[in-house]
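Here are the chains, one letter per residue:
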Amino acid sequence: QTDEWNDWPWQNRNRIRSLEQLERMIDLTDEERAAILRHQGPLPIGVTPYYMSLIDTADPSQGLRRTTIPTLAEFDRTPSEQDDPLGEDGHSPVPGLVHRYPDRVLLLVTNFCSVYCRYCTRARLVGASGERALRKADIDRAIEYIAATPAVRDCLISGGDPLSLDEDRLEYVLSRLPSIPHLQFVRIGTKQPVVLPEG
């Protein structure tokens with residue numbers, strides 16, 4: 001461990017992202033290695049050094065390891081399997097906002113996560129086209145939509161992981177939502193306290 005171990009930006013900057021890094025840290029199975037070599041597109045490998053320190057180096061069946069290290073089973077597709085298993089894309093009135101249920105919306109503010117979980121229901125989005133936050137203009141459009149839709153009383157902020165945003169961006173979102181009179185609940189969906197407790 002380095003002196004910077006407890007610094008969350010250092011943890012994010014030094015995430016384990018490649019086969020070469022993983023091979024230095026754990027005994028990869030042939031299946032894990034093949035899955036990593038085969039992977040392209042969204043849901044890349046991304047594991048903070050802290051979280052990596054919890055992964056069993058020899059046991060490929062460890063739950064935490066199966067959560068973070070790709071396997072070939074990821075590439076198995078059933079005939080009825082969809083890229084968007086939650087049906088969110090068809091309920092997106094503006095970029096970054098899902099309005100599937102009458103009284104609640106999902107605001108997707110980033111496609112970045114400190115740790116990419118292999119079971120992610122938004123695998124088609126996270127880490128896709130680089131790791132970035134929603135543009136300010138899109139956040140404004142989403143908030144305008146919420147303000148203009150009185151049936152919405154609950155907003156879940158998610159992503160990616162919204163607590164991975166810098167303070168200014170997160171504050172921008174959180175400061176705008178409370179001014180909407182019919183919005184009663186603002187929630188944040190995050191794994192940061194678990195995968196990056198240094199933050």
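Conventions we followed
- Residues numbered from 1 in each chain as written.
- Predicted model: local features only at pLDDT ≥ 70, side-chain atom pairs only at ≥ 80, totals over all residues.
- Heavy atoms only, no water.
- Helix = DSSP H or I, 4+ residues; strand = E, 2+ residues; numbered from the N terminus.
- Rg over C-alpha atoms; globule rule 2.2 N^0.38 Å.
- Buried < 20%, exposed > 50% of the residue type's maximum accessible area, 1.4 Å probe, protein only.
- Lys, Arg positive; Asp, Glu negative; His and termini not counted.
- Charge placed at Lys NZ, Arg CZ, Asp CG, Glu CD.
- 1 Å grid on protein atoms, 1.4 Å probe; cavity = no way out; pocket = protein on both sides within 12 Å on 5 of 7 lines; lining within 4 Å.
- Points joined across faces, edges and corners; volume = space filled by probe spheres on them.
- Nonpolar A, V, L, I, M, F, W, Y, C, P; charged D, E, K, R; others polar.
- Salt bridge = Lys/Arg side-chain N within 4 Å of Asp/Glu carboxyl O.
- Core = buried A, V, L, I, M, F, W, Y, C linked by side-chain atoms within 4.5 Å.
- Contact = heavy atoms within 4.5 Å.
- Axes fitted to C-alpha atoms, helices over the stretch in contact; angles between N-to-C directions.
- Parallel < 35°, antiparallel > 145°, perpendicular 65-115°, else oblique.
- Left-handed = near helix turned anticlockwise from the far one by under 90°.
- Pairing = 2+ DSSP bridges.

Peer 1: Help me understand the overall build of the protein chain, please; the structure alone is not making it clear to me.
Peer 2: In terms of helices and strands, the protein chain carries 8 helices and 4 strands. Overall, the protein chain shows an N-to-C arrangement of helices and strands of α-α-α-α-α-β-β-α-β-α-β-α. Its C-alpha atoms give the protein chain a radius of gyration of 18 Å, near enough to 16 Å, the size a compact globule of 199 residues would have. Across its three principal axes, the protein chain shows a C-alpha extent of roughly 55 × 50 × 25 Å. When each of the 199 residues of the protein chain is scored for burial, the buried share is 43%. With 23 positive and 30 negative side-chain charges, the protein chain shows a spacing of 5 Å between the two charge centroids.

Peer 1: Before we go on, may I ask you to explain the layout of surface pockets in this structure?
Peer 2: One simple way to see leftover space: roll a probe sized like a water molecule over the atoms. One number sums up the size of the largest pocket: a volume of about 530 Å³. In this structure, the largest pocket is lined by 20 residues; those nearest its centre are L43, E74, R77, E81 and A123. A breakdown of the residues in the lining of the largest pocket according to their chemical character gives 8 nonpolar, 5 polar and 7 charged.

Peer 1: Teacher, can you tell me more about the pattern of salt bridges here?
Peer 2: For side chains of opposite charge, pairing can occur when their charged atoms come near one another. Scanning all chains against the criterion turns up 11 salt bridges. Close ionic contact of D166 with R169 constitutes a salt bridge, the shortest N to O distance being 3.5 Å. Residue D166 is classed as partly exposed on the basis of its relative accessible area of 40%. Among the ionic contacts, a cluster of salt bridges with common partners joins E23, D30 and R33.

Peer 1: Help me understand the nonpolar core in this model?
Peer 2: A general tendency of soluble globular proteins is for nonpolar side chains to be buried together. Judged by nonpolar contacts, the single largest core of 20 residues is most densely connected at L97, L107, I146, C155, V173, L177 and L183. Elements with a minimum of two residues in this core: strand 2 (104-108), helix 6 (136-147), strand 3 (154-158) and helix 7 (167-176). Here the element with the most residues in this core is helix 6; it accounts for 4 residues. Residues within four places of L97 in sequence aside, it is in contact with H91, S92, V105, L106, L107, A142, Y145 and I146. Judged by nonpolar contacts, the second largest core, of 15 residues, contains L22, L28, V195 and L196.

Peer 1: Quick question: what am I supposed to make of the packing of helix 6 against helix 7 here?
Peer 2: Between two packed helices, both the angle of their axes relative to each other and the distance between the axes serve to describe the pair. Running from N to C, helix 6 and helix 7 point in directions that differ by 15°, and their axes come no closer than 11 Å. Here helix 6 is positioned roughly parallel relative to helix 7, judged by the angle of their axes. Handedness of the crossing formed by helix 6 with helix 7: right-handed. Residues K136, I139, D140 and I143 of helix 6 lie in contact with helix 7, whose contacting residues are Y172, V173 and R176. Among the residues forming the contact of helix 6 with helix 7, the class breakdown is 4 nonpolar, no polar and 3 charged.

Peer 1: Is there a simple way to explain the sheet that holds strand 2 in this structure?
Peer 2: Pairing between the strands of a sheet is mediated by backbone hydrogen bonds and can be parallel or antiparallel. In space, the 4 strands of this open sheet follow the order 1-2-3-4, with mixed pairing throughout. Every interior strand has two partners, whereas the edge strands, strand 1 (97-101) and strand 4 (185-188), have only one. Strand-to-strand twist in this sheet, taken as the mean axis angle between neighbours without regard to direction, amounts to 20°. Where strand 3 meets strand 4, 4 bridges bridge the pair, whose relative direction is parallel. Looking at strand 4, one finds that D154 is bridged to F185. Across the sheet, helix 6 touches strand 1, strand 2 and strand 3, and the angle it forms with strand 1 is around 30°.

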